[in-house]
Amino acid sequence: MSTTATQKRPIRSQRLLDLPPYLFIEIDRKRRAKIASGADVINLGVGDPDRPTPAFIIDAMAEAIRDPRNHPYPFDAGHPDFRKAAARFLKRRFGIDVDPATHILTCIGSKDGIAHLPLAVLNPGDAVLGADIGYPVYRSGAIFAGADYIEMPLTAQHGWLPDLGAIDADALEKARLMWVNHPGNPTAAVADLDFYAQAVQLCAENDIILASDNAYSEVFFEKQPPSMWQVPGLSLDDFPGIEFHSLSKTFNMTGWRIAFAVGHPEVISALGAVKGNCDSGQFNAIQQAGAVALDHSEHPEVVAMRETYRQRRDVLCSGLGEIGVDVLPPTASFFVWAPCPKGYDSLQFCSRCLEEANVVFVPGGGFGVNAKNWFRAALTVEVERIRETIDRLKKLEW
Ligand SMILES: Cc1ncc(COP(=O)(O)O)c(C=O)c1O
């Protein structure tokens, strides 16, 4: 048999081919070319904390990694110590009572849980409701599960929250899962408990599982963003919902891959069943260090990081105001979501910033049509670099 036979079938599965194209290719190419040419590029495009993980968490990890009890395969649903710490965190921060044994599942980053949830609760041909502008994994998870993704448009007029009253009856009939994400990426929009109460009611009436992505709940500058499980009268044992919490942004732990889901026992165990067939859980030492982190969510180093983001936010927003950007400072998340100055299209605006000022922003147009005149800036560079960004942008004619 010849080993050089020409491949006739595509290597990639149809579900991979069905993923939407990556829309930031052009701006990424330009950014890489700039860096390769030696330019001093300020990158406000990446949503990855720039500071190290706090020392008290690294110390806990150093101890945990030496403990041989942490070396075997982890438990499927997560280490009991981590799940108990998650329950204590939820009680302290949101006042909600959960049973760590049935309501909590350790995830390898919230992305793991978000990507796998559709496989756990949907059948091919079902539909997922999710925002048109948002974290791309809600859509790819649906595609991988053979489900349709029905967009809920986000608009500035509606405060970048989905208009739940505008979802049509056919979509509600077909949908089995709805995603909400507040504080939002890229919009930074925060939802209040009334919004979650409406979403719960709509999902309960239409037999839809409600999934809330609360990865940014701890990056706040004003009122603390709520959890959907704080909706009065809502019971984790009665309502088929799930919420994802992540240690990534709260504790500068993006690379550690540690998060948890809190939800209805059957939804949690369904997600656990999928994960049990895909991975064997997160390294126990990371879960032990994660438990220490969760037990110290108001540690001075964590609080100081919030203050750092606040300072960066204030410098960036007032500076953007000086170049004619009509920006509303975010109250949570580390994203500034702003309309381009002078009605610029976001791709044109971001291209000019990169080409003429060596500054990287993310063009909203890559997320969806309603964001074509908006851009995202991440507060993940030091304040001196933000000042430098503004100085550079001021030198351009807008
Ligand atoms: C809205 C949102 N959800 C979830 C995630 C995934 O975070 P992690 O997998 O690190 O918990 C991200 C990461 O950027 C995000 O922006």
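Residues numbered from 1 in each chain as written. Predicted model: local features only at pLDDT ≥ 70, side-chain atom pairs only at ≥ 80, totals over all residues. Heavy atoms only, no water.

Engineer: Before we move on, can you summarise the overall build of the protein with the specific residues and values?
Structural biologist: The helix and strand tally for the protein stands at 13 helices and 12 strands. Relative to a compact globule of 398 residues, whose C-alpha radius of gyration would be 21 Å, the protein shows 22 Å and is just as compact. Relative to its 398 residues, the protein shows a buried fraction of 56%. Surface summary for the protein: the accessible area is close to 17700 Å², and the carbon and sulfur share equals 53%. For the protein, the distance from the average site of its 39 positive side-chain charges to the average site of its 49 negative ones is 7 Å. (Helix = DSSP H or I, 4+ residues; strand = E, 2+ residues; numbered from the N terminus. Rg over C-alpha atoms; globule rule 2.2 N^0.38 Å. Buried < 20%, exposed > 50% of the residue type's maximum accessible area, 1.4 Å probe, protein only. Areas by Shrake-Rupley, 256 points an atom, 1.4 Å probe, with all protein chains shown as cover. Lys, Arg positive; Asp, Glu negative; His and termini not counted. Charge placed at Lys NZ, Arg CZ, Asp CG, Glu CD.)

Engineer: Any details on the site of the ligand? Residues and values, ideally.
Structural biologist: Around the ligand there are 15 residues in total, and Ser110, Asp213, Ser246, Ser248 and Arg257 lie nearest to it. At 2.7 Å from an oxygen atom of the ligand is found a side-chain nitrogen or oxygen belonging to Ser110. A distance of 2.6 Å separates an oxygen atom of the ligand from a polar atom in the side chain of Ser248. The element contributing the most residues to the shell around the ligand is helix H5 (residues 110-121), with three residues. Tallied by class, the residues present in the shell around the ligand amount to five nonpolar, six polar and four charged. (Near = heavy atom within 4 Å. Polar contact = N/O pair within 3.5 Å; in protein donor to acceptor, adjacent residues only side chain to side chain. Nonpolar A, V, L, I, M, F, W, Y, C, P; charged D, E, K, R; others polar.)

Engineer: Give me the lowdown on the sheet that holds strand E9 (residues 335-339), citing residues and values where you can.
Structural biologist: Read across the sheet, three strands follow the order E9-E12-E11 without closing on themselves; strand pairing throughout is antiparallel. Both edges of this open sheet fall to E9 and strand E11 (362-363), since each of them pairs with a single strand only. The pairing of E11 with strand E12 (residues 374-378) spans two bridges and is classified as antiparallel. What sits directly across from Pro363, in E12, is Phe375. (Pairing = 2+ DSSP bridges.)

Engineer: Kindly report on the domain arrangement of the protein, identifying the contributing residues and their values.
Structural biologist: We note that the domain assignment places domain 1 (15-44 + 300-394) and domain 2 (56-295) within the protein. Of note, the centres of domain 1 and domain 2, computed from C-alpha atoms alone, are 26 Å apart. Facing 26 residues of domain 1, the contacting portion of domain 2 comprises 31 residues. Taken together, both faces of the contact between domain 1 and domain 2 bury some 2500 Å²; the carbon and sulfur share is 67%. For the salt bridge of Arg313 with Glu222, the shortest nitrogen-to-oxygen distance reads 3.5 Å. Of all elements in the fold, only helix H1 (14-17), helix H11 (300-322), E9 and E12 reach the threshold of two or more residues within the side of domain 1 that touches domain 2. Residues of the side of domain 1 that touches domain 2, tallied by class, amount to 15 nonpolar, four polar and seven charged. (Domains from an automatic or database assignment. Contact = heavy atoms within 4.5 Å. Buried area = accessible area lost by both parts, 1.4 Å probe. Salt bridge = Lys/Arg side-chain N within 4 Å of Asp/Glu carboxyl O.)

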